[in-house]
Amino acid sequence: MLVVAIGVATWAAVTYWPRGSQDAASTTTGTTATTGTTATTGTTATTGTPPPTTSTSPAGGHVPTGVGTYTYGQTSLPLVEPATATLPERQLPTDIWYPRPKGARPGATAPDRAHGPYPLLAFSQGYWTNVTTYATLLGYWASAGYVVVAPSYPTTGPDPTIATTAPKANAREDDIVHHPDDLRFVIGTVVTRAQHPGWVLSGLINRAEIGLVGQSDGGDVSLALADNSQYQDTTIKAVAVLS
């Protein structure tokens, strides 16, 4: 497994696997201050139950020239992680970005299947930060040839329907201990659903190429799922932490 730590002055796109000339992750979108790499190993599987509904939009439209080989689209899943003996069910609304053909007409939602399947990147945001804060960056990664999933974790992020971003009285940063298992559920559900026909991402995900990216607290979540013996999912092949 590749582990990369990145300090960024502005957001940077991270490349995991060379994709070839047609669907290569090509350029960065920010300035990197510090970098480093270490290596670890491992192998197991993720599981999940496909949810019943999704919504799809052409969110990204045509991305700026030079950012990536593709344009990108966006869809979402209202995931609910089942209750356990110690926790009630957990709401995990998940946003997903995916490659669309270069030059796709405005309003089109069909992915670029000709050059798939694509690696999957699972992104975890920082504490009390909306996933939408990172939407441009995550869309750029999709334009470089990745399917990107980003769940919103319970009690540690603002309600996107409320204008204020100030933490609520019931904000619980210590809920982070549950996030690695939340992320495992999200990855497993998306990967499983993508194996079945009839979904925008059907057949689009390469299950052998799964990477994690996290910023701040999300970096802790990513590292825990990748290499903490309490949570480890050894199907993860790469991790990038944005400080």
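Remember, it's a predicted structure, so these values are computed and weren't measured experimentally.

Conventions and cut-offs
- Residues numbered from 1 in each chain as written.
- Predicted model: local features only at pLDDT ≥ 70, side-chain atom pairs only at ≥ 80, totals over all residues.
- Heavy atoms only, no water.
- Helix = DSSP H or I, 4+ residues; strand = E, 2+ residues; numbered from the N terminus.
- Buried < 20%, exposed > 50% of the residue type's maximum accessible area, 1.4 Å probe, protein only.
- Contact = heavy atoms within 4.5 Å.
- Areas by Shrake-Rupley, 256 points an atom, 1.4 Å probe, with all protein chains shown as cover.
- Phe/Tyr/Trp six-rings, centres within 6.5 Å; stacked < 30°, edge-to-face > 60°.
- Lys NZ or Arg CZ within 6 Å of the ring centre and 35° of its normal.
- 1 Å grid on protein atoms, 1.4 Å probe; cavity = no way out; pocket = protein on both sides within 12 Å on 5 of 7 lines; lining within 4 Å.
- Points joined across faces, edges and corners; volume = space filled by probe spheres on them.
- Nonpolar A, V, L, I, M, F, W, Y, C, P; charged D, E, K, R; others polar.

J.: An account of the overall build of the protein chain is requested, with residue identities and associated values reported.
T.: The helix and strand tally for the protein chain stands at 3 helices and 9 strands. Written out in order from the N terminus, the α and β elements of the protein chain read β-β-β-β-β-β-α-β-α-β-α-β. Burial statistics for the protein chain: of 243 residues in total, 51% are counted as buried. At a minimum sequence separation of 6, the contacts of the protein chain that also span at least 24 residues come to 73%. Here the protein chain has roughly 10600 Å² of accessible surface; of this, 55% comes from carbon and sulfur atoms.

J.: Explain the packing of aromatic side chains to me, and be specific about the residues and the numbers.
T.: Scanning the entire structure with this criterion turns up 4 aromatic pairs. On the numbers, 5.9 Å between centres and 55° between planes, the contact of Tyr-127 with Trp-128 is tilted. Here Trp-128 falls in the buried class, since its relative accessible area comes to 10%. Among the aromatic residues, those joined into a cluster by ring pairs are Phe-123, Tyr-134 and Trp-141. A cation over a ring is seen here: Arg-193 above Trp-199, with NZ or CZ 5.0 Å from the ring centre.

J.: An account of the environment of Pro-99 is needed here, citing residue identities and associated values.
T.: One can find Pro-99 in strand β5 (residues 90–100). Between the alpha carbons of Pro-99 and Tyr-70 there is a distance of 5.7 Å; along the sequence they are 29 residues apart. Look past the residues within four positions of Pro-99 in its chain and what remains in contact with it is Tyr-70, Thr-71, Pro-111, Asp-112, Tyr-118, Ala-142, Gly-145, Tyr-146 and Val-147.

J.: Account for empty space enclosed by the protein, with residues named and values stated.
T.: Summed over the entire model, instances satisfying the criterion amount to 2 cavities of 30 Å³ or more. In terms of lining, the largest cavity is formed by Gln-125, Gly-126, Tyr-127, Trp-128, Tyr-153, Thr-156, Glu-173, Ile-176, His-179, Asp-217, Gly-218 and Val-221. The greatest single-element share of the lining of the largest cavity, amounting to 3 residues, is contributed by helix α3 (residues 217–227). Of the residues that constitute the lining of the largest cavity, the class distribution is 5 nonpolar, 5 polar and 2 charged.

J.: Which residues make up helix α1 (residues 135–143), and what values do they have?
T.: Most of α1 is tucked away, with 7 of its 9 residues classed as buried. Buried within α1 are the following residues: Leu-137, Leu-138, Gly-139, Tyr-140, Trp-141, Ala-142 and Ser-143. Turning to α1, the residues buried within the fold contact β4 (71–81), β5, β6 (118–124), β7 (147–151), β8 (205–215) and β9 (236–242).

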